[in-house]
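So the chains spell out like this:
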Amino acid sequence: MPVQARAVSNDSEAGATAGMAATLTGLDEAEAQSRLAQHGPNAVQEKRSRGILDIVRGILREPMFLLLLAAAGLYLVLGDIGEGLFMVAGAIVTIGLVVLQEARSERALAALRELAEPFARVIRGGTERRIPVRDLVPGDLVLVGEGERLPADGVLIAGDALTVDESALTGESVPVSKRPSADQVTDGGDPEPGGDDTPYLFAGTLNVRGQGMVHIVRTGASTRLGRIGASLAAIEDEPTLLQKTTGTLIAKLGILALGFCAIVVVAYGVLRGDWVGGALSGITLAIALLPEEFPMVLAIFMALGAFRLARDKVLVRRAAVIETLGAATFLCVDKTGTLTENRMVLTTMWRDGALRDLIDGPMLPERDRQTLRIAMRASAVRPVDPMDRAVHELGGRLPPEPGGAVAPLRTYPLRPELLAFIQVWPDQDGGVLYAAKGAPEAIFRLCRMSGDELAAMDRVVAGLASRGLRVLGAASRREERDCTTAPEDLTFTFEGLLGFADPVRADVPQAVAEANRAGITVAMITGDYPATASEIARQAGIDTTAGVLTGKEMAELDPESLRERVRRIRVFARIMPEQKLALVEALKANGAVVAMTGDGVNDAPALEAAHIGIAMGQRGTDVAREAADIVLLDDRFASIIGGVRLGRRIFANLRKALTYVTAIHVPIAGLALLPIILGLPPILYPMHVILLELVIDPVCSLVFEGEPSERHTMEKPPRPATESLFGASQIAFGFLQGAIVLAAVFGLYVWSLNTGVGENQARASAFVALVLGNLVLAFADAAEPGTPFFDRRRLAFWGIGAGAALIVAAALYVPVLADVLRMSPPTPHWLGIAAAAAVLAGGWFGFVRRFRGR
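Within each chain, residues carry numbers counting from 1 in the order of the written sequence. Reporting in this predicted model follows two pLDDT cut-offs: at least 70 for local features of residues, and 80 or more for side-chain atom pairs to be given and counted; totals over whole chains, interfaces and linings ignore these cut-offs and use all residues. Computation of side-chain values: all heavy atoms of the structure, hydrogens and water removed.

A. Main features of the pairing of strand S15 (residues 420-426). Relative accessible area decides the class of each residue, using a 1.4 Å probe on protein chains only: under 20% of the type maximum gives buried, over 50% gives exposed, and in between gives partly exposed. Per the convention used, a helix needs a DSSP run of H or I reaching at least four residues, while a strand needs a run of E reaching at least two, with both numbered from the N terminus. Counting buried positions over the 7 residues of S15 gives 6, a clear majority of the element. As judged from the 3 bridges shared by strand S14 (residues 410-412) and S15, these two strands associate in the antiparallel manner. For Arg 410, the partnering residue across the bridge sits in S15 and is Val 424. Summarising the sheet, S15 and strand S16 (residues 432-438) pair through 7 bridges and their orientation is antiparallel. Strand pairing follows a simple DSSP-based rule, namely that at least 2 bridges must link the two strands.

B. Focus on the sheet that holds strand S13 (residues 354-357). With antiparallel pairing, the 7 strands of this open sheet are ordered in space as S13-S12-S18-S17-S16-S15-S14. Edge positions in the sheet fall to S13 and S14, since each of these pairs with one other strand and no more. With strand direction ignored, the average angle separating the axes of adjacent strands in the sheet is 20°. Sheet topology note: the strand S12 (residues 345-351)/strand S18 (residues 493-501) ladder contains 5 bridges and is antiparallel. Counted as the bridge partner of Val 345 is Ala 501 from S18. To obtain each axis, a line is fitted to C-alpha atoms, and for helices this fit is confined to the stretch in contact; angles are then taken between N-to-C directions over 0 to 180 degrees.

C. Broad picture of the sheet that holds strand S6 (residues 176-178). The sheet built from 3 strands is open, its strands ordered S6-S5-S8 with antiparallel pairing. The sheet is open, and its two borders are formed by S6 and strand S8 (206-209), each paired with just one other strand. Averaged over all adjacent pairs, the angle separating strand axes in this sheet is 45°, with direction ignored. Here strand S5 (residues 162-165) pairs with S8 via 3 bridges, running antiparallel. Paired with Thr 163 across the bridge in S8 is Arg 209.

D. Main features of the nonpolar core. Counting 106 residues, the largest nonpolar core has Leu 331, Ile 542, Ile 614 and Phe 637 as the members making the most contacts within it. When residues in this core are grouped by element, the largest group, 18 residues, is from helix H26 (residues 637-678). Residues grouped as a nonpolar core are buried Ala, Val, Leu, Ile, Met, Phe, Trp, Tyr and Cys residues, joined through side-chain atoms within 4.5 Å.

E. Expanded view of the pairing of strand S11 (residues 330-334). Counting buried residues along S11, 5 of its 5 residues qualify, which places the element largely inside the surrounding structure. A two-sided burial pattern is seen for S11, the buried positions comprising Phe 330, Cys 332 and Asp 334 on one face and Leu 331 and Val 333 on the other. Where S11 lies against strand S22 (residues 594-598), 3 bridges are found, and the strand directions are parallel. The residue bridging Leu 331 from the neighbouring strand is Ala 595, located in S22. Pairing of S11 with strand S19 (residues 521-525) involves 5 bridges; the strand directions are parallel. In the strand pairing of S19, Val 333 is matched with Met 524.

F. Fine view of the pattern of salt bridges. Whenever a carboxyl oxygen of Asp or Glu lies within 4 Å of a side-chain nitrogen of Lys or Arg, that contact is scored as a salt bridge. Tallied over the entire structure, the rule returns 26 salt bridges. The partner of Glu 479 in a salt bridge is Arg 477, with the nearest N and O atoms 2.7 Å apart. Residue class for Glu 479 comes out buried when judged on its relative accessible area of 19%. Measuring nitrogen to oxygen at the nearest pair gives 3.8 Å for the salt bridge that ties Arg 563 to Glu 560. In this pair, Arg 563 and Glu 560 are both assigned in helix H22 (residues 559-565), 3 residues apart and thus about one turn of the helix distant.

G. Up close: the side chain of Asp 334. Here Asp 334 is to be found in strand S11. For Asp 334, a relative accessible area of 1% translates into the label buried. A polar side-chain atom of Asp 334 sits 2.8 Å from a polar atom in the side chain of Lys 580. N or O atoms closer than or at 3.5 Å make up a polar contact, with two conditions inside protein: a donor-capable atom paired with an acceptor-capable one, and, for residues adjacent in sequence, both atoms drawn from side chains.

H. Quick look at the side chain of Arg 763. Looking at where Arg 763 falls in the secondary structure, it is placed in helix H29 (residues 759-782). The buried category is assigned to Arg 763, whose relative accessible area is 1%. With residues near it in sequence (within four places) discarded, Arg 763 still touches Pro 681, Pro 682, Ile 683, Tyr 685, His 688, Tyr 749, Leu 821, Arg 822 and Met 823. Contacts are assigned to residue pairs with any non-hydrogen atoms lying within 4.5 Å of each other.

I. Structural view of the packing of helix H15 (residues 366-377) against helix H16 (residues 386-395). Two numbers describe how H15 lies on H16: the axes approach to 9 Å, and their chain directions differ by 135°. Taken together, H15 and H16 sit at an angle that is classed as oblique. The two elements H15 and H16 cross, and the hand of that crossing is left-handed. Taken together, the residues of H16 that come into contact with H15 (itself represented by Leu 372, Ala 375 and Met 376) are Val 391, His 392, Leu 394 and Gly 395. Gly is put with the polar residues, along with every residue not named as nonpolar or charged; the nonpolar set is Ala, Val, Leu, Ile, Met, Phe, Trp, Tyr, Cys and Pro, and the charged set is Asp, Glu, Lys and Arg. Class assignment for the residues of the contact of H15 with H16 results in 5 nonpolar, 2 polar and no charged. Any angle between 65 and 115 degrees counts as roughly perpendicular, while under 35 counts as roughly parallel, over 145 as roughly antiparallel, and the rest as oblique. Handedness of each helix crossing follows the sense of rotation of the near helix against the far helix: counterclockwise by less than a right angle gives left-handed, clockwise gives right-handed.

Remember, this is a structural readout, not a statement about activity or role.
Given below as structure tokens:
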């Protein structure tokens, strides 16, 4: 069904129930609030957010913390109370840092859940309102339309016959029909789902077709869905592919760490006769080898990344799509409401060969008033659709018709075979009036126009469309008595054409230009006339040089021909929603990574098939939102481009963070292992590793996550779809960076020992070089060349750096800590050498990036 026609269809969702809404006022607000307090929110049992205790329990099950506790216990058993207490304190501080960061992620997820909360249209106090579903109460009157999920259990009391998919409750895949209750039943006891031709509706089921008014009977835990809510809440979220890959990597490294731990313990005990020292060294090495930051970094980046996207009006329903956003190469967007403002203004009317400008124009003559009145009769009484609102806004200036009916007798919604919306009204002389409004070709068909008339009217429509107007036709038919005749069996009288202006959003041309610079091809899909589509695309900055492909032409193409056409064409007009799926498949066959927007029930297959399905949050159906990966909260095209920009930033920063985590574990593990192999005094003990963790954890999550986008991120082509976030090349580069830091720090340690420096001073110099090298490496990996050194967006980094400096200073110059850590202050000479070695070893990559940038 074309976009133009579907927009009219949305009117029926509110319009079909307009008459009954006029007589049913629903609850007043005070009564609704009283019932909400009595019955509670309309929500099934939800998955409980992780509290502080849950987070702590999860952390204590991590292998690294188990190893830390084992090391602390070993120190305490051996009688070294100071070192044991230091280990315990360090473990508590480390746990506290992780808890703070994970709690931040939980708050972000909670905020996302609030943004994703569904809404319902209710009649309260005689007016239609849009409220959160959780605020519904028994007794509410809810308007439901095609493609919407039922928000609570209730009884259909008016409207069309509904076709409802109740498979969520019954397991039956065949939808069942629902008919309004003949006697206005408001409570049918406790009916079972699955009944045909009953008025009973149930929460969580999907309205496939029709529209009506539902009297809510049960909400929340009392609904059929609520009774099984506990089992739904118990279902765990499926981990993403990246999380599974990372978990496998950590498991393998864990086995490797335990193996090395055993080897070190045995080697230390056999070669040196020091089994206790061997146990401590083995635990130190195991802690150093475990990249336990990986899952935490992934969780924090995904949660905070999704929250950042939501602040840009892009709600992510599936976390894995964040990784895909940066690879998008082809963006297919609807016209109305996405590229345009969805703010229709009736600007032009054509009738009997005369074109009239309605903006600040003279008073309409009587024949033009007749056209406008018919258009109003073919629009929703309570208009929701922008075109219906535009008709009512202009029609409201006309003198009221005497004795006009308040509601239509019948409504004939849009169908694929007849793209016109028709309402039947009682006429003043006892007969009935059929009022039709819809796609011009459908109206011409109802009017049984001849070939010559059609050719002439097509030229008029094309002229209006070339001005960027959306064109609808209007027609009428009067019958002396109501015989419930199908509209297509009647011959209508043509009443004229209506031209609606829907201006392109002001930010669209700039966003399209930004997408083009980023290597993303933008295509427009609409149900409008080709001339309208071409003009709007031109205003938006979309390439129109290859012309327009219509739905009719597309239907005549075989898959191979369609693949060839979509390589060049960027404007698609008169497209049926089901044809979007064929477009997605053709683009994917050409190797494109496709993002597709949609808002209707029939858009769901295309949204599912696209790499990135994007649903409209304001005007989209529940079906479209459930099928999509992303929901636009404001329906704006610029939000999509903003999401791509932010997706690229998240991807780049996450990759940098994971590379940094890999890099920094190399020198820690090497400094724990090499002295044992070479017979040198140990450099790192478990308490040193704890201090290093206090630096690494905040740096890799807070600093990298908050780093701004690269300056030219939207001037680069999309990354290849086959390129993984964290693969062999990133692991290899991380090992290279870590090996250079390891070589510098270990070389410094050996050099200082060979020059007669004491063991504690040499260890202190190496520790200073390692901490500073970590920080310099983090800055070099994260910072974008050309940004100010003290950019205000790097407050987290400088705060962590200042904290690390204080910790190292205390470890060197506070005697109690220095004794526990087995370090003594190095001379200024060796501190200078350590600083120079750290800057060169950790910062070489930054120097290379800066040089290449220039």
